[in-house]
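So you can see what is in the structure, the chains are spelled out below.
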Amino acid sequence: MSINVVIYILVIAGVAGIIKYKEIINPYTLFNVLWILVLLLIDHGNDYIDPPSETALNCIIYGVISFNCSMMVPMARFKIRKGYDSDNHSEYRINYNLALKFSNISVIVCALLSIQPLVRFLSGSNFGVIRVDYYTYGNFLEYFLWYARLYTISASRDVIFIIALFAFITNYKSKFRLLFNAIMLIILESVMSGGRYVLMNAGFMIFCFYLRYSDKVRLKPKQKIMIGCTLIAFFSLIIFFTSNRVTYLYSGLSPIQLIRQTFYGYFAGSVTYLGRLITTYSADMGTTYGLNFMQGFILPVFTLSGFLGIPSPDVINKVGNLTVKPLAISAVATLNALPTVFGYFYVDGKMAAVIIESFLFGYLCKKIYYRSVKGNTIYFAAYLLLVTQILNTSTKWFFYQSDYCFAFLYLFLFFRRVEVNDEKNVKNVIGQT
């Protein structure tokens with residue numbers, strides 16, 4: 001099947017998603033817009049990156065079609081219970097006060113952890129080196145602190161940001177303080193790690209949140225200015241980190257060329273990398289038997305066993321070990337850790353796993369989205385987390401990471417279920433307005 005034929009299929013599926021769900025942020029439209037862009041870039045080609053292999057392209061084609069096939073499966077009917085606020089029919093309320101206190105502590109800790117990277121940057125180091133050091137720990141204390149931060153601050157960061165967006169459209173008295181904390185957490189995390197994903201994902205969440213509530217809530221000019229300034233700041237930082245990092249991805253390029261090549265590498269070069277990964281480690285393909293699909297939820301068990309001196313099975317870190325070393329995607333460029341989501345599925349069980357797990361992921365997105373459009377606040381928060389994965393399917397599988405998986409669990413810390421007659425629980429929990 002040619003790339004052009006697949007693009008036409010994705011266009012039809014994306015339009016069908018808008019017609020069916022009456023909203024552009026439905027999972028199928030977002031997913032297909034991304035992959036139409038990826039396939040157009042691949043079809044156009046690039047002077048610095050080789051075209052993907054036939055096997056890699058087949059992975060993409062089977063994966064994207066399988067994801068879209070989940071749209072045609074009948075959705076199970078759910079009984080949506082009315083909560084305390086009958087206007088929005090939600091049975092969950094957000095505990096903004098708890099989120100504010102949690103964010104205060106997180107900002108202080110992140111600010112302290114950011115001192116060393118900033119000092120190193122001011123001393124001449126670049127964020128490429130800083131990023132490598134961020135993922136390096138030498139002794140037991142560093143090992144423990146790294147995972148403590150992973151399971152607390154990193155895992156709750158996006159949830160706090162989502163809660164701040166909800167607070168922004170309510171009359172919560174400390175909403176600007178909470179939003180400031182949430183933005184600082186995003187920026188400080190980027191400074192600590194030299195990473196761009198948190199900035200990009202925050203932008204995705206703002207975009208989808210705005211589209212969902214733009215016709216329901218009238219924003220004041222000051223609020224619109226704040227949103228615009230935040231997006232500009234995030235985008236500027238993405239450009240800065242991209243141009244600053246002396247990267248092993250490309251060599252001998254100007255900053256503008258580096259940004260252009262990074263864009264192509266993230267959205268299309270990853271497919272070439274997937275083909276290289278399959279060829280280089282062919283004996284390891286199909287050896288994790290579905291474990292990668294939700295591995296982030298079980299990794300803490302093996303993290304704990306590591307503290308106790310019990311080694312983890314090799315299968316647990318299979319994909320991480322395979323992708324940690326850069327592979328050449330052309331004569332002048334290398335890439336690592338970005339095999340697209342379908343690379344994780346292929347390691348699970350080759351093409352059969354690509355088809356099955358892509359379908360399951362599509363159905364999961366549809367199920368969470370379906371609940372969110374019914375007015376259930378916690379499910380829209382969960383869907384915003386899923387949006388960051390949907391719009392990053394061309395790079396990596398977030399459900400392989402514990403901090404991403406734990407974010408869904410943190411929702412139940414800040415979102416409290418409220419029964420209709422449970423006035424006591426309602427008192428200190430501010431609901432969506």
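A. How the structure looks around the overall build of the chain. In terms of helices and strands, the chain carries 16 helices and four strands. For the chain, buried positions account for 54% of its 433 residues. Considering only contacts within the chain whose residues lie at least 6 apart along the sequence, 80% involve residues at least 24 apart. Taking the average location of the 37 positive side-chain charges in the chain and that of its 21 negative ones, the two points are 9 Å from each other.

B. Structural detail: the layout of surface pockets. Of the volumes computed, that of the second largest pocket is approximately 610 Å³. Lining the second largest pocket are 19 residues, and of these Leu-113, Gln-116, Tyr-134, Trp-146 and Arg-149 sit closest to its centre. Those elements giving two or more residues to the lining of the second largest pocket turn out to be helix H4 (96-122), helix H5 (127-134) and helix H6 (140-168). A total of eight residues in the lining of the second largest pocket trace back to one element, the largest contributor, which is H6. Classifying every residue of the lining of the second largest pocket by side-chain character gives 12 nonpolar, three polar and four charged.

C. Looking closely at the packing of helix H3 (residues 54-69) against helix H13 (residues 340-372). As a packed pair, H3 and H13 sit with axes 7 Å apart at the nearest point and diverge in direction by 20 degrees. With respect to H13, the element H3 is oriented roughly parallel. Note on packing geometry: the crossing formed by H3 with H13 is right-handed. Contacts between H3 and H13 involve Thr-55, Asn-58, Cys-59, Ile-60, Tyr-62, Gly-63, Val-64, Ser-66, Phe-67 and Cys-69 from the first element and Thr-340, Phe-342, Tyr-346, Met-351, Val-354, Ile-355, Ser-358, Phe-359, Phe-361, Gly-362 and Cys-365 from the second.

D. Region of interest: empty space enclosed by the protein. Throughout the structure, instances matching the rule amount to three cavities of 30 Å³ or more. In this model, the largest cavity occupies a volume close to 120 Å³. Forming the walls of the largest cavity are Leu-165, Phe-168, Ile-169, Ile-206, Phe-209, Tyr-210, Tyr-213, Ser-214, Val-217, Leu-219 and Ile-227. Those elements that place two or more of their residues in the lining of the largest cavity are H6 and helix H8 (197-213). The greatest single-element share of the lining of the largest cavity, amounting to four residues, is contributed by H8. Among the residues making up the lining of the largest cavity, the classes are represented as 10 nonpolar, one polar and no charged.

E. Highlighting the nonpolar core. In this structure, Trp-35, Phe-161, Phe-166, Leu-178 and Phe-415 are the most contacted members of the largest nonpolar core, which totals 130 residues. It is H6 that provides the largest number of residues to this core, a total of 17 residues. Sequence-distant contacts of Leu-178, that is, excluding residues within four places in its chain, are made with Tyr-96, Ala-99, Leu-100, Ser-103, Ile-160, Ile-163, Ala-164, Ala-167 and Tyr-172.

F. Structural view of the side chain of Asn-26. Position of Asn-26 relative to the elements: it lies in the loop between helix H1 (3-21) and helix H2 (27-44). Looking at Asn-26, the relative accessible area reads 0%, which means it is buried. Polar side-chain contacts of Asn-26 include one of 3.0 Å to the backbone nitrogen of Tyr-28. Asn-26 has contacts with Gly-17, Ile-18, Tyr-21, Tyr-369 and Tyr-383, leaving out every residue within four places of it along the chain.

Calculation criteria
- Residues numbered from 1 in each chain as written.
- Predicted model: local features only at pLDDT ≥ 70, side-chain atom pairs only at ≥ 80, totals over all residues.
- Heavy atoms only, no water.
- Helix = DSSP H or I, 4+ residues; strand = E, 2+ residues; numbered from the N terminus.
- Buried < 20%, exposed > 50% of the residue type's maximum accessible area, 1.4 Å probe, protein only.
- Contact = heavy atoms within 4.5 Å.
- Lys, Arg positive; Asp, Glu negative; His and termini not counted.
- Charge placed at Lys NZ, Arg CZ, Asp CG, Glu CD.
- 1 Å grid on protein atoms, 1.4 Å probe; cavity = no way out; pocket = protein on both sides within 12 Å on 5 of 7 lines; lining within 4 Å.
- Points joined across faces, edges and corners; volume = space filled by probe spheres on them.
- Nonpolar A, V, L, I, M, F, W, Y, C, P; charged D, E, K, R; others polar.
- Axes fitted to C-alpha atoms, helices over the stretch in contact; angles between N-to-C directions.
- Parallel < 35°, antiparallel > 145°, perpendicular 65-115°, else oblique.
- Left-handed = near helix turned anticlockwise from the far one by under 90°.
- Core = buried A, V, L, I, M, F, W, Y, C linked by side-chain atoms within 4.5 Å.
- Polar contact = N/O pair within 3.5 Å; in protein donor to acceptor, adjacent residues only side chain to side chain.

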